[in-house]
Amino acid sequence: MNDKHTLKDSIFKIGRVISVKGRAVDIKVDKTKNTSHLLYKGELLKNISVGGYVKIIKGFTKIVGKVEGEYINEDKYFSKKEYGNEKEKISRVLNVSLLGFFGDKGFERGIKELPLIDNECFLLENDEFNEVHDFLKKGDEPITIGTLSLEKGQEIKVGINSLFASHIGIFGNTGSGKSYTLAKIYRELFKQYKDQKKFKQNAHFFLIDFNGEYVGDNVIIEKKYKNIFELSTREQNGKDKFPISEKNIKDHTFWTVFLTATEKTQAPFIKRTLKKDDIDNIKIENVIKNIITNQDRKIDKGVIFNYLEEIKQFLQDEINIGELRSKLKYHATNNTYKIENYYANEQPDDVIKEIKKCLKDENYDFAIKNDLSNLQKIHLKIIYYYYNEIERGFSNQEHLAPLIKRLDKRINDLGKVVEVKDDGLTNFLTIVSLKEVNSDMTKILPLLMCKQLYDDKKKKNKKETYLNFIIDEAHTILSYSSERESETWKDYRLETFEEIIKEGRKFGVFLTVASQRPSDISSTIISQLHNYFLHRLINNNDILAVEKTISYLDKVSFDYLPILPTGTCILAGLLAQVPVVIDIGTIEPKEQAPDNETMKLIENWKNDKVDD
Ligand SMILES: Nc1ncnc2c1ncn2[C@@H]1O[C@H](COP(=O)(O)OP(=O)(O)OP(=O)(O)O)[C@@H](O)[C@H]1O
Ligand SMILES: [Mg+2]
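Here is what the cut-offs are and how they apply
- Residues numbered from 1 in each chain as written.
- Chains lettered and ligands numbered in written order.
- Predicted model: local features only at pLDDT ≥ 70, side-chain atom pairs only at ≥ 80, totals over all residues.
- Heavy atoms only, no water.
- Helix = DSSP H or I, 4+ residues; strand = E, 2+ residues; numbered from the N terminus.
- Rg over C-alpha atoms; globule rule 2.2 N^0.38 Å.
- Buried < 20%, exposed > 50% of the residue type's maximum accessible area, 1.4 Å probe, protein only.
- Contact = heavy atoms within 4.5 Å.
- Areas by Shrake-Rupley, 256 points an atom, 1.4 Å probe, with all protein chains shown as cover.
- Near = heavy atom within 4 Å.
- Polar contact = N/O pair within 3.5 Å; in protein donor to acceptor, adjacent residues only side chain to side chain.
- Nonpolar A, V, L, I, M, F, W, Y, C, P; charged D, E, K, R; others polar.
- Domains from an automatic or database assignment.
- Buried area = accessible area lost by both parts, 1.4 Å probe.
- Salt bridge = Lys/Arg side-chain N within 4 Å of Asp/Glu carboxyl O.
- Axes fitted to C-alpha atoms, helices over the stretch in contact; angles between N-to-C directions.
- Parallel < 35°, antiparallel > 145°, perpendicular 65-115°, else oblique.
- Pairing = 2+ DSSP bridges.
- Core = buried A, V, L, I, M, F, W, Y, C linked by side-chain atoms within 4.5 Å.
- Arc of directions from axis to C-beta.

What exactly am I supposed to notice about the overall build of the protein here?
What the protein contains, in helices and strands, is 21 helices and 25 strands. Taken against the 2.2 N^0.38 rule, which gives 25 Å for 612 residues, the C-alpha radius of gyration of the protein at 34 Å runs more than 25% over that of a compact globule. Its C-alpha atoms put the protein at 130 × 65 × 55 Å along the principal axes. In the protein, which comprises 612 residues, the share counted as buried stands at 51%. Sequence separation of 24 or more characterises 70% of the internal contacts of the protein that already satisfy a separation of 6 or more. With an accessible surface of roughly 30,700 Å², the protein has 47% of that area assigned to carbon and sulfur atoms.

Right under this line is the structure:
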C-alpha cells in the first residue's frame, strides 16, 4: 500500500513552490518532469504545461492553480562535480495563478489559504480533474454541450438550472460559431424536455431572429413545438402576423414606444387621446366647424385641408378635396374663411353646407367606414384628437406634427406585421424573424414584443412560469451608440432591456444575447450576465469589454480569445468553477442547425465540366 502511494507520489509530484505573490505562485519543476507525457500504470498522462492545473499541498489543504506561463532559470550554484550534463543546470519554473481548493464539498472556487514556499506540487489525478470540471450542482440535471478542447474526449456537462436560470452572453466575431452555440444549448434542453407536460405549460422561449436563420422547419427543434412568425413589411398581406393583445393595443405605453414619442409633449398627448371616447362617438365635422368659426386662435390656414386629407382614408364615401381647395378662401384681413358669398364669422352653418357641397353634397355626413380594423380605429382617433387639440389651441402643432407625420407610415407597417388577437403563442418556443422588416420597425418591434411579454409576466407574477428572451445579433437593439435615434428613445429602449436584466430574475425572466460587438452593447447589460460563451474575438475593444466584466477570467483564457477556431469557445461564469475552453458539439441532424452556412465560393464559381 505504502509502496503504491510512494510510486504515485513520485509520478504525480512535479515540483515545489518557490515564490508566492498574492494569487501568483511560481513553482520550480523537478528536473525529471520535463517530458510532455508521463507513464503511470500503463497509461499515458499529459505532463504539466501552460493551461494545465496543479495541486499544491499545504498540510491538509489542497490548493488548485492554473499554469499561465513558464520560463527557465539557470542554477547559480553550479559545480562540475554535481552536474554531469550542462542541460541539468537549467530549471523550469511555472507561473501559476491560484483558482480554488478541494474542500469538504469537492472543488470550490476561491482562495482561503495561500501556499507556502517549498510546498509540494502535484499533477491532478483523473478524478480530481473531473471534479474541477464538474459543473453540475446537487439536484441539477445535466446537458452535454461539447467536449474539453485541450483534453480530447472529456465531455462538458452543465446543469440545466445553472444555465437556463441565468442571463447568458454569447460573443464572438462573425463566423465564429455564436448562432450555432446558441442553437446547440437550447436544442439540448428541448430534446430532454419537449414532451414534458409541465415544461410546455410553464416555460416560454422567445427568440428574435434578425437574419431568418432559425425559421427553417426543423431548426433547433421540430416544427410542431414552435410558433414561427416570419414578419415582412414588404408585402401587405403575404406573411405571418404577430399577435398583440387587445389590451396592449389600447395601452398608451405601447403607442408611446411604437411612435417613438417624446416624453414631454408627445407621450402625454397619446395618453390623453387613448383615454378619450372611442371613434363611434366622435363627429368628424366638428373639427371643421370649429376651425372655421374659431377667430382668436392663430392656426395654420391649410389645416382644414390637411385634416381632410388625413381622414379621408377612413370615410365611407370618396370626397372631393380639390374642389374645396379652389373655393374655400381664407381672408387674412378679418381672419376668417369665405366660401361663395358666405363669411364664416357671419354664417357658419351656411359655410359648412357649402363645404359639404364641394366635398360631396349638402347633406353629407362624413360617415366612417364600418369595417375599420382596431389599428385603423386608433389611427383615426389619434388624428381626430390631434386636430381637435391644435384647433382649440390646447396643443402646440409644432410639437405634435412630427408624431403625426410618423403615424401614417408606422401604422401602415404595423398592420403588415401584427394582428390584434389574444394569445396566439401556444407552443413553448416562439421564433420571430425580422429579416424582411424595414430598419425602423426592426428596432421597434422587438421592444414592443418583449415589453408586452415581460409586463404580462410581471403582472401575473406566477412563480412557476418561466420566460426567456433569446436575441441573436443583439447589438442591433441593445447598442448604446446609435446616431439615428433620439436620446430619449434610446434611453427608453435600453431601460426596458436593462430592467429585464436587472429585475427579470425575480419574475423568472431571463435573457440570452449573442453579439459580434460586445463593446457596442450597453455595459449595464454585459455586466449583469451570469454566464458567457466567448468565441473568437479579435477587436481589442471587444476583448476589453469582456475583460472588464469577467474579472476572474485568467490570462491564458484571454490570450486564447483571438485565436479560437470556429466552434470552440471559452465557457465562463457562475456555472463554471473554472473557465474552460470547449469544442461545442455538433448538431445532428444537420437541418436542426441554424441556416447560415458560410458561402463556398468555389462550388458556385466553378463548372463541373468545362463548357466550350
Ligand atoms: N460547433 C460547431 N460545429 C460545427 N460547425 C460549426 C460549429 N460552430 C459553427 N459552425 C459552423 O460555422 C459557421 C459559422 O457559424 P455561425 O453562423 O454560428 O457563426 P456566428 O458567430 O453566428 O456568425 P455571425 O456573427 O455572422 O452570425 C456555420 O456554417 C456553422 O455551421
Ligand atoms: Mg450568427
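And the narrative resumes.
Hey, could you run me through the site of ligand 1 in this one?
In the vicinity of ligand 1 there are 16 residues, among which T174, G175, K178, S179 and N596 approach most closely. Contact between ligand 1 and G175: an oxygen atom at 2.8 Å from a main-chain N or O atom of the residue. Here G177 contributes a backbone N or O atom positioned 3.0 Å from an oxygen atom of ligand 1. In isolation ligand 1 offers 620 Å² of accessible surface; the protein chains occlude 83% of this area. Element by element, the count of residues in the shell around ligand 1 is highest for helix α4 (residues 178–193), at three residues. By residue class, the composition of the shell around ligand 1 is two nonpolar, eleven polar and three charged.

Which parts of the structure should I look at to understand the domain arrangement of the protein?
How big an interface is tends to be expressed through the accessible area that disappears when the partners come together. Parsing the protein into structural domains produces domain 1 (2–132), domain 2 (157–243 + 425–602) and domain 3 (252–417). Taking only C-alpha atoms into account, the centre of domain 2 sits 44 Å from that of domain 3. Taken residue by residue, the interface counts 19 residues in domain 2 and 14 residues in domain 3. Both sides together, the interface formed by domain 2 and domain 3 hides about 1,400 Å², and carbon and sulfur atoms give 65% of it. Of all residues in domain 2, the largest losses of buried area upon contact with domain 3 belong to Q236, M441 and L448, amounting jointly to 32% of the total for that side. Across the domain 2-domain 3 interface, the total number found is one salt bridge. Of the charged contacts in the structure, one is a salt bridge between D440 and R410, with a shortest N-O distance of 3.2 Å. For the pair domain 2 and domain 3, the number of links is five residue pairs in polar contact (both at pLDDT 80 or more). For the side of domain 2 that touches domain 3, the elements supplying multiple residues, two or more each, are β14 (226–232), α15 (439–460) and α17 (487–507).

Where do I start with unusual backbone geometry in this structure?
Cis geometry marks the peptide bond from E588 to P589; its omega dihedral reads -10 degrees. Secondary-structure assignment places P589 in the loop between β25 (580–584) and α21 (601–605). Of note in the backbone geometry, I220 takes a positive phi value of approximately 70 degrees without being a glycine. Take I220: it is sitting in the loop between β13 (203–209) and β14. Positioned with a positive phi, E473 is a non-glycine residue whose angle comes to about 55 degrees. On the secondary structure map, E473 appears in the loop between β21 (466–471) and α16 (475–478).

Explanation requested: the packing of helix α9 (residues 284–293) against helix α10 (residues 303–311) in the structure shown.
For any two helices packed against each other, the geometry comes down to the angle between their axes and how far apart the axes lie. Contact geometry for α9 and α10: axes closest at 10 Å, N-to-C directions at 170 degrees. One way to sum up the angle between α9 and α10 is to call them roughly antiparallel. Each of I284, V287, I288, I291 and I292 in α9 lies in contact with α10, whose residues at this interface are V303, I304, Y307, L308 and I311.

I tried to follow the sheet that holds strand β18 (residues 342–343) on my own but got confused; where do I start?
Pairing between the strands of a sheet comes from backbone hydrogen bonds, and it takes one of two forms, parallel or antiparallel. With antiparallel pairing, three strands are arranged side by side in an open sheet as β16-β17-β18. Of all the strands in the sheet, just β16 (329–331) and β18 have a single pairing partner and so form its edges. The pairing of strand β17 (residues 336–339) with β18 spans two bridges and is antiparallel. Within β18, the residue paired with K338 across the bridge is Y343.

Looking at this structure, I do not really get the nonpolar core. What am I missing?
Nonpolar side chains tend to gather and get buried jointly when the protein is soluble and globular. Among the nonpolar cores identified, the biggest contains 111 residues, and F242, W255, F258, L308, L445 and F469 are the most heavily contacted of them. Examining the composition of this core, we find that ten residues originate from one element, helix α13 (residues 374–391), more than from any other. Of the domains in this structure, domain 2 (157–243 + 425–602) and domain 3 (252–417) are the two that each give at least three residues to this core. When sequence neighbours within four positions are dropped, the list of residues in contact with L308 reads I288, I319, I321, L324, L359 and F366. Counting residues in each nonpolar core, the second largest holds 54 residues, with I156, V158, F199 and A593 among its members.

Got a minute to help me understand helix α19 (residues 540–549) in this structure?
Every α-helical turn comprises 3.6 residues, leaving residues that sit three or four positions apart pointing alike. Within α19 the residues assigned to the buried category are D542, I543, A545 and V546. Buried residues in α19, looked at end-on, bunch into an arc of 155 degrees, giving them a common side. Turned more than 90 degrees away from the buried face of α19, the exposed residues are N540 and K548. If you follow the buried residues of α19, they end up packed against α18 (523–528), β23 (531–534) and α20 (555–560). The N-capping residue of α19, defined by a side-chain oxygen 2.6 Å from the backbone nitrogen of N541, is N539.

What is the right way to read the pattern of salt bridges from this model?
Charged atoms that come close allow side chains of opposite charge to pair. All chains considered together, the criterion is met by 33 salt bridges. D554 serves as the salt-bridge partner of K66, at 3.4 Å between the closest nitrogen and oxygen. In this pair, K66 sits in strand β6 (residues 61–74) while D554 sits in the loop between α19 and α20, placing the two residues 488 residues apart along the sequence. With a shortest N-O distance of 3.4 Å, E436 and K239 are connected by a salt bridge. Linking E436 in strand β20 (residues 429–436) with K239 in the loop between β14 and β15 (242–244), this pair joins segments that are 197 residues apart in sequence. Residue classification places K239 among the partly exposed positions, given a relative accessible area of 26%. In the salt-bridge network here, residues are joined through shared partners; they are K184, R187, E188 and K191.

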